[in-house]
Amino acid sequence: MTETTTTARPARARPAAVILTPGAEARIAKLMGEAPEGAIGVKLSTPRRGCSGLAYSVDYVNEEAKFDEKIETPGGVFYIDGSSVLYLVGSVMDWKEDDFTAGFTFDNPNAKGACGCGESFTV
């Protein structure tokens, strides 16, 4: 009888569910610089809202939830709501600002449609 030895492979780092552009990271840093007392980061969620069903919401968070995804950025911690991750996997989040509007934008490969005003999406 021969002995076999197995060596465990190191765990491969899992890619983040959402890719943050440098513009989004800079905006997160600015938000954290102006954060209310007790805020530990900002959190992206997809509450049911709007005519298409889901909307993007970015808010301050005061405590870490068990199933939230945590992304460390140079300017602060960014969380993704655990129940929203499946709707957001592979998305790119950016911050756009021009003379008329400013806000986070999302390139979401899971979105199958959006309402006319751009406030909500469906998967």
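As a convention, each chain's residues are numbered from 1 in the sequence order in which they are written. For a predicted model such as this one, the threshold for reporting local features is a pLDDT of at least 70, and the threshold for listing and counting side-chain atom pairs is 80 or more; totals across whole chains, interfaces and linings nevertheless cover every residue. To get the side-chain values, take all heavy atoms of the structure and skip hydrogens and water.

## What about the overall build of the protein chain?
Turning to step 1, where the next piece is worked out: By the criteria applied, helices consist of DSSP H or I runs no shorter than four residues and strands consist of E runs no shorter than two, each listed in order from the N terminus. Helix and strand counts for the protein chain stand at two helices and nine strands.
Turning to step 2, where the next piece is worked out: Mapped in sequence order, the helices and strands of the protein chain form the string β-α-β-β-β-β-α-β-β-β-β.
Turning to step 3, where the next piece is worked out: Looking at the 123 residues of the protein chain, the share that counts as buried comes to 34%.
Turning to step 4, where the next piece is worked out: Here the analysis covers contacts within the protein chain between residues at least 6 apart in sequence; of these, 51% occur between residues at least 24 apart.
Turning to step 5, where the next piece is worked out: Per-residue and other accessible areas follow the Shrake-Rupley method at a 1.4 Å probe size, with only the shown protein chains counted as cover for residues. Accessible area for the protein chain stands at about 8,400 Å²; split by element, carbon and sulfur atoms hold 52% of it. Working definition: with a 1.4 Å probe on protein chains only, accessible area under 20% of the residue-type maximum means buried, over 50% means exposed, and in between means partly exposed. For this analysis, residues touch if any pair of their heavy atoms sits within 4.5 Å.

## As for the pattern of salt bridges
Turning to step 1, where the next piece is worked out: A carboxyl oxygen of Asp or Glu within 4 Å of a side-chain nitrogen of Lys or Arg is what we treat as a salt bridge. Tallied over the full model, the rule gives six salt bridges.
Turning to step 2, where the next piece is worked out: With its nearest N and O atoms 3.8 Å apart, the salt bridge here joins Asp 81 to Lys 43. Here Lys 43 lies in strand E2 (residues 41-45) and Asp 81 lies in the loop between strand E5 (76-80) and helix H2 (85-88), a separation of 38 residues in the sequence.
Turning to step 3, where the next piece is worked out: The class for Asp 81 is buried, based on a relative accessible area of 17%.
Turning to step 4, where the next piece is worked out: The exposure class of Lys 43 is buried, given its relative accessible area of 17%.
Turning to step 5, where the next piece is worked out: Measuring nitrogen to oxygen at the nearest pair gives 3.3 Å for the salt bridge that ties Lys 96 to Asp 94.

## Section: the packing of aromatic side chains
Turning to step 1, where the next piece is worked out: Whether two aromatic rings pair depends on their centres lying within 6.5 Å, for rings of Phe, Tyr and Trp, where Trp uses its six-membered ring; planes under 30 degrees apart make the pair stacked, over 60 edge-to-face, and the rest tilted. This model, assessed by the stated rule, comprises two aromatic pairs.
Turning to step 2, where the next piece is worked out: A ring pair is formed by Tyr 56 and Phe 106, whose centres lie 3.9 Å apart and whose planes are at 10 degrees; its orientation type is stacked. Within this pair, whereas Tyr 56 is found in the loop between E2 and strand E3 (57-61), its partner Phe 106 is found in strand E7 (residues 102-107), the two being separated by 50 residues in sequence.
Turning to step 3, where the next piece is worked out: With relative accessibility at 23%, the residue Tyr 56 sits in the partly exposed group.
Turning to step 4, where the next piece is worked out: The exposure class assigned to Phe 106 is partly exposed, which follows from its relative accessible area of 21%.
Turning to step 5, where the next piece is worked out: Consider the rings of Trp 95 and Phe 104, whose centres lie 5.0 Å apart with planes at 75 degrees: the pair is edge-to-face.

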